[in-house]
Amino acid sequence: MAMAMAMAMAMARTVVRKSRAKERRIGLIAMRYGLHSRIVRGLAAALLAVAAFGVAAGEWQVVPRFAINQSYSDNINLVPNNKDNDFITRLTPGLSVRGNGRRLQMNVDYNLQAQNFINEDQYDDVYHQLQSAMNVEVVRDVFFVDANAQVFRALVSNTGQITNRELRSDNNRTDVVTYSVSPTFNHHFGNWADFRGSTGFSGTVGDGQGGGNSAGSGNGTDLNSTLSSGRRFTRTSWSISNTSSVFNNDSGARSSSRSRWNGTGSVSVNRFFRFQGSLGYENNSSGGGDTDKSSITWDVGGTLTLSPRTSVSGSYGHRAFGSTKNFDFNYRRRRFSISGSYTESIRTTSEELRNQSLISLEDAFGQPVFDPFAASNIDLPVDSLGLADDAFVSRNFVATVGYYKRRDTFSASVYRNERDAGSNGSDPEEAIGTSASWSHTFSRRLSGGLSGTYRSGSANRIQGGTPTVGAGNGDVDIVIISPNLSYTIGPHTRGSLSYSYTISSSDNLSNDYSENSISSSLSFAF
């Protein structure tokens, strides 16, 4: 015991000594580049404190990084005719954090990206990309806090001009900031019942085109409480829950409120099948449309677990907006996996943006993914339906498949996202698409791959018999094909080269375009 304590104290002194030395080096770098030394050293000390906490209380990875990217496009304005080519230089400092402590879990990826156009200098700009999530167990097994934040450029219209790259010449994206903070309280009534109560504060801030806030900008408050069966119940289970939410649009119009009481029960029929059902009541208000209704709600369904690796669940029922169907399936082997789900619910643009994924944290097999080099070059998502002020009925289907064998990895997904009418009487919108990627490891340092994306969006927004201005009426199809190579120069340095071909076809001829682009980058992780 004495020897172990001595070794622990020696390790702690070494960590502190190295941390102070590294902090002094960062301060010298800040002075060299004219930065405020105390501010930078303070930030460095905070990061090092997190790292030191991780040494004692979990697994932590804090990776500062920097990337230099040079690309060429033969159609920088994404126009059908009179194309202009240009070279673009991007400088991207960033930070990636993965933390798994006893009471703190954290995932953060942040980029500050500056881009410079050789010819079209009106597009020069500096912008941010952020995906972060944190869970803190403040009081063990009693009080928790969840926090999330994102910063990225979101699609404005489902059927406008669409690309997956960061281009200020793309006029169908706008900067958005989303955030949410949710304190949660748990209490156990012996082995009989468990209580869980939470409140959430969230918001979305959008930099609308031409000034002002984007559609969907606003703030919301959620209150949730659930009383569920405790550990004493094994074959049967039950729960009673109440959820309520209010979302206030910054525009002052079409604010929405939702409230729902729900009771659920389930019983295990045998070791393979579990039957479940629910009964409740909901009241929704959003100023009109299918989402502005109250009704008794119910559903019946079950879960079939054929093996530890195979499960299927589904339900059918009724809610205020009509009949509902939900299902989920999952099959997983060591080298192969397939999963899928279909859900129907009432949502807002703010909720959809908060659930938008910029960087994948898991692969098709459910294993964690952490690649700081890849985090410096983010492809923007193209599967969303754009921005809207209304609450709407959302129907979403997604299926993914993955395969791995020695040096090759393959993954593919297919999705369909549908949004029904809100209070403005608009017709449904939908986006159908698929994406696939293949990667191959040629050697310990060299790898390459090929990715492809197809997306088809459709909408015909009508208000008062007249097409809504800026709604992007009609259909738009886009195909993106991109081969790539990457070479690991050293433990902290990677180079990459990629080519991308994009073609867009639309009922609106101004959204038709084709583009060839080549990109090379050099990334450093410290």
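None of the values given here were measured: they were computed from a predicted structure.

**Student:** Report on the overall build of the protein, specifying residues and quantitative values.
**Tutor:** Along its length, the protein carries three helices and 24 strands. Relative to its 526 residues, the protein shows a buried fraction of 40%. Pairs at least 24 residues apart make up 57% of the contacts formed inside the protein by residues separated by at least 6 positions. In the form shown here, the protein has an accessible surface area of approximately 27300 Å², with 59% of it arising from carbon and sulfur atoms.

**Student:** An account of the side chain of serine 96 is needed here, citing residue identities and associated values.
**Tutor:** Secondary-structure assignment places serine 96 in strand β2 (residues 86-101). Residue class for serine 96 comes out buried when judged on its relative accessible area of 0%. Of the polar contacts made by the side chain of serine 96, one reaches the side chain of arginine 65; its length is 2.9 Å. Beyond its immediate chain neighbours, meaning those up to four positions away, serine 96 contacts Gln61, Val62, Val63, Arg65, Val108, Asp109, Phe370, Pro372 and Ala375.

**Student:** So what's going on with the environment of valine 156? Residues and values would help.
**Tutor:** Inspection of the secondary structure puts valine 156 in the loop between β5 (143-155) and β6 (173-189). Put simply, valine 156 and asparagine 171 are 15 residues apart on the chain and 8.6 Å apart in space, counted from C-alpha to C-alpha.

**Student:** Requested: an account of the packing of aromatic side chains, with residues and values cited.
**Tutor:** Geometry of an aromatic ring pair is reported as the spacing of the ring centres plus the angle between the planes. Scanning the model with the defined rule gives nine aromatic pairs in all. Note on tryptophan 298 and tyrosine 316: the rings are 6.2 Å apart at their centroids and 65° apart in plane angle, and the pair reads as edge-to-face. Of the two residues, tryptophan 298 sits in strand β12 (residues 294-307) while tyrosine 316 sits in strand β13 (residues 310-319), which places them 18 residues apart along the sequence. Assessed through its relative accessible area of 35%, tryptophan 298 is described here as partly exposed. Members of the aromatic cluster, each reached through a chain of ring pairs, are Phe327, Phe329, Tyr342 and Phe397. Geometry around tryptophan 192 places arginine 232 over its ring, the cationic atom sitting 4.2 Å from the centre. We note arginine 419 situated over the ring of phenylalanine 392; from NZ or CZ to the ring centre the distance is 4.9 Å.

**Student:** Explain the pattern of salt bridges residue by residue, including any values.
**Tutor:** Within this structure, the stated rule accounts for 11 salt bridges. Salt-bridge contacts for arginine 98 lead to aspartate 109; the nearest nitrogen and oxygen are separated by 2.7 Å. Taken together, the residues arginine 98 in strand β2 and aspartate 109 in strand β3 (residues 104-117) connect sequence positions 11 residues apart. The exposure classification of arginine 98 matches that of aspartate 109, with both residues buried. Note that arginine 258 is salt-bridged to glutamate 351, the shortest N-O span being 2.9 Å. Of this pair, arginine 258 sits in strand β10 (residues 256-268) while glutamate 351 sits in helix α3 (residues 349-354), placing them 93 residues apart in sequence.

**Student:** Mind laying out the side chain of glutamate 351, listing which residues take part and the relevant values?
**Tutor:** Judged by relative accessible area, which is 18%, glutamate 351 ranks as buried. Once you skip the residues sitting within four places of it in the chain, glutamate 351 turns out to touch Arg258 and Ile346.

**Student:** Tell me about the environment of arginine 232, and name the residues and values.
**Tutor:** The residue arginine 232 is located in the loop between β8 (218-229) and β9 (236-249) in this model. When the C-alpha atoms of arginine 232 and glycine 190 are compared, they prove to be 9.0 Å apart, with 42 residues separating the residues in sequence. If sequence neighbours within four positions are ignored, arginine 232 has contacts with Asn191 and Trp192.

**Student:** Now, about unusual backbone geometry: what can you tell me, with residues and values included?
**Tutor:** For aspartate 141, which is not glycine, the phi torsion reads 60° and is therefore positive. Given the relative accessible area of 37%, aspartate 141 is considered partly exposed. You will see that arginine 406, though not glycine, has its phi angle at about 50°, which is positive. Counting through the fold element by element, arginine 406 comes out in the loop between β16 (392-405) and β17 (408-419). Overall, arginine 406 belongs to the exposed group, its relative accessible area being 69%.

**Student:** Explain the nonpolar core to me, and be specific about the residues and the numbers.
**Tutor:** Among the nonpolar cores identified, the biggest contains nine residues, and these are Phe152, Ala154, Val176, Leu353, Leu358, Ile359, Ala375, Ile378 and Leu387. If sequence neighbours within four positions are ignored, isoleucine 359 has contacts with Asp109, Gln131, Ala375 and Ile378. By size, the runner-up hydrophobic cluster in this structure holds eight residues, among which are Ile162, Val382, Ile478 and Tyr513.

**Student:** So what's going on with empty space enclosed by the protein? Which residues, and what values?
**Tutor:** In the structure shown here, the tally under the stated rule is four cavities of 30 Å³ or more. Approximately 70 Å³ is the volume found for the second largest cavity. Ser202, Gly220, Thr221, Asp222, Ser245, Val246, Phe247, Arg258, Thr348, Glu351 and Arg354 are the residues that line the second largest cavity. Every element with two or more residues in the lining of the second largest cavity is listed here: β8, β9 and α3.

**Student:** Help me get a handle on the pairing of β13, residues and values and all.
**Tutor:** Bridge count for β12 against β13 is nine bridges, and the pairing is antiparallel. Directly across from valine 300, in β13, lies its bridge partner tyrosine 316. Two successive antiparallel strands, β12 and β13, enclose a turn made up of two residues. When β13 meets strand β14 (residues 322-332), the two strands line up antiparallel, connected through 10 bridges. Across the sheet, glycine 314 pairs through a bridge with phenylalanine 327, a residue of β14. With antiparallel pairing between neighbouring strands as the criterion, β13 and β14 make up a hairpin whose turn holds two residues.

**Student:** Talk me through the confidence of the model for the protein; I want residue IDs and the actual numbers.
**Tutor:** For the protein, per-residue confidence averages 83 on the pLDDT scale, and residues scoring 70 or more make up 81% of the total. Mean pLDDT values for the elements of the protein range from 39 in helix α1 (residues 2-32) up to 96 in β13. Ignoring residues within four places in sequence, the model shows residues 461-472, a span with pLDDT below 50, making 26 contacts including any to other chains.

**Student:** Describe the environment of aspartate 420, and please don't skip the residues or the numbers.
**Tutor:** Residue placement: aspartate 420 occurs in the loop between β17 and β18 (429-441). Taking relative accessible area as the criterion, aspartate 420 reaches 14% and is therefore assigned buried. The spacing of aspartate 420 and glutamate 430 is 10 residues in sequence and 8.7 Å in space, taken between C-alpha atoms. Once residues lying within four places of it in the same chain are set aside, the contact partners of aspartate 420 are Phe392, Val393, Arg395 and Pro428.

Each value, and the rule that gives it
Residues numbered from 1 in each chain as written. Predicted model: local features only at pLDDT ≥ 70, side-chain atom pairs only at ≥ 80, totals over all residues. Heavy atoms only, no water. Helix = DSSP H or I, 4+ residues; strand = E, 2+ residues; numbered from the N terminus. Buried < 20%, exposed > 50% of the residue type's maximum accessible area, 1.4 Å probe, protein only. Contact = heavy atoms within 4.5 Å. Areas by Shrake-Rupley, 256 points an atom, 1.4 Å probe, with all protein chains shown as cover. Polar contact = N/O pair within 3.5 Å; in protein donor to acceptor, adjacent residues only side chain to side chain. Phe/Tyr/Trp six-rings, centres within 6.5 Å; stacked < 30°, edge-to-face > 60°. Lys NZ or Arg CZ within 6 Å of the ring centre and 35° of its normal. Salt bridge = Lys/Arg side-chain N within 4 Å of Asp/Glu carboxyl O. Core = buried A, V, L, I, M, F, W, Y, C linked by side-chain atoms within 4.5 Å. 1 Å grid on protein atoms, 1.4 Å probe; cavity = no way out; pocket = protein on both sides within 12 Å on 5 of 7 lines; lining within 4 Å. Points joined across faces, edges and corners; volume = space filled by probe spheres on them. Pairing = 2+ DSSP bridges. pLDDT = per-residue confidence, 0-100.

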